[in-house]
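# Coordinates in review
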Amino acid sequence: MLRFAANLSMMYNEHVFLDRFAAAAKDGFSGVEYLFPYDFPAAELRARLDAHGLTQALFNAPPGDWAAGDRGTASLPGREDEFKRSIDTALQYASVIGNKTVHVMAGLLRSGQDRAKHRALYMDHLSYAAHHADAAGITVVIEPINTRGMPGYLLNRQDDAQAICAEIGAENLKVQFDCFHCQIVEGDVAVKLKRDMAGIGHIQIAGVPERNEPDTGELNYNYLLNLIDRLGYQGWIGCEYTPASNSSEGLGWLRALAQQGLTSLNPR
């Protein structure tokens, strides 16, 4: 049975952030994810989770200065100390909030920069992150992101991400498979899910191309989600999409899956 986590950075924006936990639980979600927890004390976030019977599925390690355009520091020369501090911070938050998966963002490659140099540093930093996360029982995930939405992002393809994980060889380093990004960059989503499932640590969904509810756009999520279930995936599926209007009213796709017995909903 599939487990879905509401992405509180993108869903339930009808509410202030801390009230989104209650809204997600009311709609029957058992888990949540979001980009970053660092604007709030970890204990406050844990209290919201516990109050509403929710599990934290995922958040990102600090990405640098997001407002200034940073999208991770793992591949950026000259920011090694900052990267290591970001891993310490993420693991400290996870120890309180309780999530077992943390996404580490690669960073942007500017025009003319040496890709090989950035990739080598990225590999070193992922090894560092995986080693330190392992002691805490945390899985580190890396996500290929489409260049239309995030131009210059270092990691774009599923096969590249899987190769990086294989080369590093850490059991707790896996790929975050975002169906939205995969469809835009590569397509052939079902084949890649079948090929790579053993190396996937987290899945995210959204309609393509508008990034609205997964029952909109060009991807057949009824087929894909049934496939993911048949492949034996045990992790969370993050609903990382922007609702077309009201978040709760757009959950017909999730209720339909519950009627099929593919997931369970427990409104609270």
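All chains use their own residue numbering, which begins from 1 and follows the written sequence. In keeping with the model being predicted, local features are shown solely for residues with a pLDDT of at least 70 and side-chain atom pairs are shown and tallied solely at 80 or more, while totals for entire chains, interfaces and linings include all residues. Side-chain numbers come from the whole structure's heavy atoms, not from hydrogens or water.

## With respect to the overall build of the protein
Keep this limit in mind: Numbered from the N terminus, helices here are DSSP runs of H or I no shorter than four residues, and strands are runs of E no shorter than two. Restricting the calculation to C-alpha atoms gives the radius of gyration, and the globule rule supplies 2.2 Å times the number of residues raised to the power 0.38. Burial status follows relative accessibility: with a 1.4 Å probe on protein chains alone, a residue under 20% of its type maximum counts as buried, one over 50% as exposed, and anything between as partly exposed. By the convention used here, residues are in contact when the closest approach between their heavy atoms is within 4.5 Å. Each accessible area value is a Shrake-Rupley result obtained with a 1.4 Å probe; residue values ignore everything except the protein chains displayed when judging cover. In this charge count, Lys and Arg are treated as positive and Asp and Glu as negative; neither His nor the chain ends contribute. The atoms used to mark charge sites are NZ of Lys, CZ of Arg, CG of Asp and CD of Glu.
Secondary structure summary: the protein contains nine helices and eight strands in total. Relative to its length of 268 residues, the protein is compact, with a C-alpha radius of gyration of 18 Å against a globular reference of 18 Å. Taking all 268 residues of the protein together, the buried fraction comes to 53%. In the protein, the share of contacts with a sequence separation of at least 24, taken over all contacts with a separation of at least 6, comes to 76%. Accessible area of the protein: about 11300 Å², with a carbon and sulfur share of 48%. Side-chain charges of the protein comprise 24 positive and 32 negative groups, with the mean position of each set lying 1 Å from the other.

## Examining the sheet that holds strand β6 (residues 173-178)
For clarity, the cut-off: A pair of strands counts as paired when DSSP detects no fewer than two bridges linking them. Structural elements are reduced to axes, namely lines fitted to C-alpha atoms, with helices fitted over the stretch in contact, and the angle between N-to-C directions of any two is expressed from 0 to 180 degrees.
Reading around the circumference, β1-β2-β3-β4-β5-β6-β7-β8 is the order of the eight strands in this closed barrel, with parallel pairing throughout. Between one strand axis and the next, the sheet turns by 30° as a mean value, whatever way the strands run. Of the strands in this sheet, β3 (55-60) and β4 (101-103) touch helix α3 (residues 80-97), which is tilted by about 170° from β3.

## Some thoughts on unusual backbone geometry
Here the bond from V208 into P209 is cis, since omega is 10°, no more than 30 degrees from zero. Locating P209 in the fold gives a position in the loop between β7 (200-205) and α8 (221-230). Positive phi, close to 55°, is recorded for D188, a residue that is not glycine. When you line up the elements, D188 lands in the loop between α6 (179-185) and α7 (189-196). Despite not being glycine, R211 shows a phi value in the positive range, around 65°. Position of R211 relative to the elements: it lies in the loop between β7 and α8.

## Considering the pattern of salt bridges
Note the following rule: When a carboxyl oxygen of Asp or Glu lies within 4 Å of a side-chain nitrogen of Lys or Arg, that pair is called a salt bridge.
Using the criterion set out here, one finds twelve salt bridges in the structure. The partner of D178 in a salt bridge is R211, and the shortest N-O contact between them spans 3.9 Å. Pair noted here: D178 is in strand β6 and R211 is in the loop between β7 and α8, with a separation of 33 residues, a long-range link. Look at the salt bridges and you will find they share partners, linking R157, D159, E186 and K192 into a network.

## A word on the state of the cysteines
Here is the rule: A pair of sulfur atoms, both from cysteines and within 2.5 Å, is called a disulfide here.
What the rule picks out here adds up to zero disulfides. Counting only cysteine sulfurs, C179 is the nearest neighbor of C182, a cysteine outside any disulfide, at a range of 7.0 Å.

## Re the environment of M11
Along the chain, the position of M11 falls in the loop between β1 (3-7) and α1 (20-26). For M11, a relative accessible area of 0% corresponds to the buried category. Residues in contact with M11, not counting those within four places in the same chain, are A6, R20, F29, C239, Y241, P243, S247 and L251.

## Focus: the packing of aromatic side chains
The line we're drawing: Centres within 6.5 Å are what make two rings of Phe, Tyr or Trp a pair, Trp counting through its six-membered ring; a difference in plane orientation under 30 degrees is then read as stacked, over 60 as edge-to-face, and the rest as tilted.
The final tally for this structure, using the stated rule, is nine aromatic pairs. On the numbers, 5.1 Å between centres and 70° between planes, the contact of F36 with W66 is edge-to-face. Here F36 is found in the loop between β2 (31-33) and α2 (42-51), whereas its partner W66 is found in the loop between β3 and α3, with 30 residues between them in sequence. For F36, a relative accessible area of 22% puts it in the partly exposed group.

## Comments concerning the pairing of β1
Basically, it comes down to this: By convention, a crossover is right-handed whenever its connection, traced from the first strand over the helix to the second and viewed with the strands pointing away, goes clockwise.
Most of β1 is tucked away: four of the five residues are buried. Looking at chain direction, β1 and strand β8 (residues 236-239) are connected through four bridges and run parallel. In the sheet register, R3 faces β8, and the bridge partner there is W236. The β-α-β motif built from β1, the intervening α1 and the parallel element β2 has right-handed crossover chirality.

## So, α8
For clarity, the cut-off: Here the arc refers to the set of directions running from the helix axis out to each C-beta atom. Under this definition, polar contacts are N or O atom pairs within 3.5 Å; protein pairs additionally need one hydrogen-donor-capable and one acceptor-capable atom, and for neighbouring residues in sequence, both atoms have to be side-chain atoms.
All of the buried residues along α8 are Y221, L224, L225, L227 and I228. Buried positions in α8, seen along its axis, are confined to an arc of 155° and lie on one side of it. Its buried side turned inward, α8 meets β1, α6, α7, β7, β8 and α9 (252-260). Where α8 starts, the residue carrying a side-chain oxygen 3.3 Å from the main-chain nitrogen of N222 turns out to be N220. Positive phi appears at G232, one or two residues downstream of α8, with a value of about 85°.

So, to be careful, I would describe these as geometric facts and stop short of saying anything about function.
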